[in-house]
Structures are given as structure tokens and as C-alpha cells.
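Survey of secondary and tertiary structure
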Amino acid sequence: AASTTLHTNNDCDQQNIDVGEDFTSHWNLGAAPGLEADNCDVNAEGQWHNQGCSQKGPANSMGSGFNTQGGGTFAAEWDPDAAHIRTWF
């Protein structure tokens, strides 16, 4: 599955974003066992260097599974006034 990832400096922690409420997917895992990659800081503790905050996309959102379904379109919205970035697969 494809992932949507934001790479930032410090002060972009997304730990208060609720899985299933604020987005329909889930966070990818960080370097520490069981730790979600929900901090966008490229130097976040417990995450791989430059991992950023990474949300896993739906199944078959890339590769042969995506192609078998006829492909598709990816869209992204960056809305600084509403303080969010959204993606659709």
C-alpha cells in the first residue's frame, strides 16, 4: 500500500490525531517496537531518521494491485487556514 508522509522540523507532533476519527487509515510504525510514526519531525525520537509522520494508504493503492484495478488518481489538499493536509487514493 502507498503511504502519505510529511517531513518537517520540530513541533509537528501528530500524536493527538485520532485514528478512525481524523483519518481512516493508520500510522506506519516507527523504529521503537509498537511506536507509531506520528511525529513529522525528521529527527523524532523512536522513529527512523527522516521517517516523518507516515500514514499507510489503503490496500492496492500502488503497484500491480493498483494496476489490476485500472489505476486511478491521487489527490492532495494543503489547507493552511484549516491547518490540515489531506490525501485521497
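Right, let's walk through the structure included here. (Residues numbered from 1 in each chain as written. Predicted model: local features only at pLDDT ≥ 70, side-chain atom pairs only at ≥ 80, totals over all residues. Heavy atoms only, no water.)

1. Notes on the packing of aromatic side chains
If you walk through the whole model with that rule in mind, you get 2 aromatic pairs. A centroid spacing of 5.0 Å and a plane angle of 70° characterise the contact between Phe-23 and Trp-27, whose relative ring orientation is edge-to-face. The class of Phe-23 is buried, set by a relative accessible area of 10%. (Phe/Tyr/Trp six-rings, centres within 6.5 Å; stacked < 30°, edge-to-face > 60°. Buried < 20%, exposed > 50% of the residue type's maximum accessible area, 1.4 Å probe, protein only.)

2. Some details on the pairing of strand S3 (residues 53-56)
The sheet contact formed by strand S1 (residues 3-6) and S3 spans 4 bridges and is antiparallel. Across the sheet, residue Thr-4 finds its bridge partner in S3, namely Gln-55. Of the pairings in the sheet, the one linking strand S2 (residues 26-27) to S3 comprises 2 bridges and is antiparallel in character. In the strand pairing of S3, Trp-27 is matched with Gln-55. (Pairing = 2+ DSSP bridges. Helix = DSSP H or I, 4+ residues; strand = E, 2+ residues; numbered from the N terminus.)

These figures capture arrangement, not role.
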